[in-house]
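One-letter residues, chain by chain:
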Amino acid sequence: MRWNLRVAAGHMYQAAPDEGSDVYLPDNLEVRREDQPNLRRNWDLFGNGVTDNPLFHGAAWMEVGGTFSPFGGLAADLALYAEHRGISYGVNSRNAIFVVPRYKLRLDSNFHVLNRKIDIGVHVGDTRNARLHEGLIIEHIDVQGSHFYLGFGKLRLEYTKIGDLLNQIGLNINDLDDFSLYWRDQELFSPRWRLDLALSRTFVDPYFTSTVVTDALYGNHVSIAASVTFDSTQRVYAQAARRFSKTDEHSHGELMAFVLGLNSRIESGPLRAAATLEWRRYGALFNSGYYNRNVYFREETGGNYNNTQGDNVYPLEAFDRGFSQWAVYTELRNEAVVEAFILRSDIRFNFYRDLYAGLQLDLNFIDNDIAGPANYTFQTWALGWEPRPGNSLQMGLTNKTMNLDKHYPTFYEFAQGFALELRANIAVDISSGAGQ
């Protein structure tokens with residue numbers, strides 16, 4: 001029996017800017033929950049003020065879990081995750097506390113046919129911060145489903161099923177089914193350069209269709225993805241997809257979507273830096289029918305104070321993910337072309353022993369050929385102490401806070417000034433190789 005156990009906890013607090021609590025709202029999204037007047041009243045969505053969220057009240061989280069493997073090839077990732085959504089909500093307030101189980105069961109094995117090894121695997125359960133292919137449609141969200149693969153050398157056939165996104169993320173999708181053929185880890189030029197290729201057919205049928213345009217489209221597409229990695233620190237990636245139409249009236253450009261990106265990571269002495277530069281384009285019809293705003297991270301009949309859990313929960317850990325996700329682009333609907341330029345970076349400099357200064361950027365410049373631009377410039381400037389990985393105290397200034405008013409977990413950007421942000425994290429890992 002092999003096992004490892006991790007106990008981790010954290011605390012997060014923000015104080016709104018002294019200059020005011022207004023937030024940036026793009027012109028085309030300025031009226032929040034525009035077709036739901038009751039929610040606008042209950043959640044105080046008139047005007048452009050920031051609404052209540054756990055970070056303004058000193059929220060805390062904890063997780064106890066680990067990986068347990070009774071024998072080689074079989075493993076279970078099991079955890080209990082809990083949050084208290086805010087100190088000022090009351091120490092034992094049921095409205096401010098939740099506990100959720102998390103699991104993934106994994107079987108990875110192989111067998112031989114004519115002295116050639118065949119790899120086979122089945123994974124079932126949760127995936128946090130999931131990414132499918134190069135992130136064109138699935139990125140920065142939690143999913144639940146199953147994954148199967150069959151591999152022979154560098155060739156691998158995979159099937160991925162993701163459960164309804166209609167009920168947790170507002171994407172108007174039942175199950176997602178993806179069939180992919182991969183060519184993995186091909187050497188290029190030298191062992192320092194590696195190539196991965198994937199050809200995929202993805203079925204993402206809208207749960208309901210409401211327009212003549214959407215009715216003329218199939219809920220599936222074909223895509224090709226590729227990436228080249230250098231020394232595991234530099235990676236260029238791309239994905240192109242084309243949706244299928246029931247008529248010949250739609251052009252390739254209307255039905256296609258693209259992502260092209262670069263990941264770079266540097267570690268040199270006291271400096272650690274990671275950055276992602278990305279371009280995205282969604283044709284006018286690629287996203288048609290994938291928008292559904294009937295997902296709620298607050299109770300519909302409550303106000304916005306101490307109302308941070310609805311039919312769904314926006315967990316604190318999602319606050320540290322990138323802003324870009326498919327729901328951002330499907331929200332810019334009305335059969336519009338959407339184009340985005342994105343820069344995410346995390347820079348840290350240890351200036352004295354375990355003391356560091358850091359800067360996190362998440363810049364998103366999004367253009368919609370009908371509604372115009374929407375530009376988000378999230379920034380966090382920080383000073384911290386990290387004596388061991390996963391154990392830290394940090395103080396900083398940020399213009400980013402939680403937004404529980406959308407149909408997907410996302411952020412508000414303060415329009416005036418920065419909020420003071422305080423964080424504390426602690427983690428302990430215990431493991432055993434007994435029974436090896």
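Let me begin by describing the structure that accompanies this report. Here the structure is a predicted model, which is why all the values come from computation and not from measurement.

### Some thoughts on the pairing of strand β15 (residues 355-368)
Phase 1 of the analysis: As defined by bridge partners, strand β14 (residues 338-352) adjoins β15 across 14 bridges and the pair is classed as antiparallel. Bridge pairing in β15 links Leu343 to Leu363.
Phase 2 of the analysis: Pairing of β15 with strand β16 (residues 372-388), which is carried by 14 bridges, proceeds in the antiparallel orientation. Within β16, the position partnered with Asn368 by the bridge is Gly372.
Phase 3 of the analysis: Between β15 and β16, which pair antiparallel in sequence order, lie three residues.

### Section: empty space enclosed by the protein
Phase 1 of the analysis: Counting across every chain of the model gives three cavities of 30 Å³ or more.
Phase 2 of the analysis: Looking at the largest cavity, its volume works out to about 100 Å³.
Phase 3 of the analysis: If you go around the largest cavity, you meet 13 residues; those closest to its centre are Leu25, Tyr376, Asn403, Lys406 and Phe411.
Phase 4 of the analysis: Per-element accounting of the lining of the largest cavity gives the leading share, four residues, to strand β19 (residues 410-413).
Phase 5 of the analysis: Classifying every residue of the lining of the largest cavity gives nine nonpolar, two polar and two charged.
Phase 6 of the analysis: Considering only enclosed or pocket space, the second largest cavity measures out at about 40 Å³ in volume.
Phase 7 of the analysis: Every residue lining the second largest cavity is listed: Leu29, Phe323, Val328, Glu331, Leu332, Ile366, Ala374, Tyr376 and Tyr408.
Phase 8 of the analysis: Looking at the lining of the second largest cavity, the elements with two or more residues in it are α4 (326-331) and β16.
Phase 9 of the analysis: Classifying every residue of the lining of the second largest cavity by side-chain character gives eight nonpolar, no polar and one charged.

### Looking at the environment of Gly66
Phase 1 of the analysis: When you line up the elements, Gly66 lands in strand β2 (residues 59-71).
Phase 2 of the analysis: The class for Gly66 is buried, based on a relative accessible area of 13%.
Phase 3 of the analysis: Measuring from C-alpha to C-alpha, the distance between Gly66 and Val7 comes to 8.6 Å, with 59 residues separating the pair along the chain.
Phase 4 of the analysis: Setting aside anything within four residues of it in sequence, one finds Gly66 in contact with Asn4, Leu5, Ala76, Asp77 and Leu78.

### A closer look at the layout of surface pockets
Phase 1 of the analysis: As a volume, the second largest pocket reaches approximately 630 Å³.
Phase 2 of the analysis: Lining the second largest pocket we find 29 residues, and of these Arg102, Asp142, Gln168, Val313 and Pro315 sit closest to its centre.
Phase 3 of the analysis: Of all elements in the fold, only β4 (97-113), β5 (116-131), β6 (139-152) and β19 reach the threshold of two or more residues within the lining of the second largest pocket.
Phase 4 of the analysis: No other element matches β6, which puts five residues into the lining of the second largest pocket.
Phase 5 of the analysis: Of the residues belonging to the lining of the second largest pocket, the class tally is 14 nonpolar, nine polar and six charged.

The rules behind each value
Residues numbered from 1 in each chain as written. Predicted model: local features only at pLDDT ≥ 70, side-chain atom pairs only at ≥ 80, totals over all residues. Heavy atoms only, no water. Pairing = 2+ DSSP bridges. Helix = DSSP H or I, 4+ residues; strand = E, 2+ residues; numbered from the N terminus. 1 Å grid on protein atoms, 1.4 Å probe; cavity = no way out; pocket = protein on both sides within 12 Å on 5 of 7 lines; lining within 4 Å. Points joined across faces, edges and corners; volume = space filled by probe spheres on them. Nonpolar A, V, L, I, M, F, W, Y, C, P; charged D, E, K, R; others polar. Buried < 20%, exposed > 50% of the residue type's maximum accessible area, 1.4 Å probe, protein only. Contact = heavy atoms within 4.5 Å.

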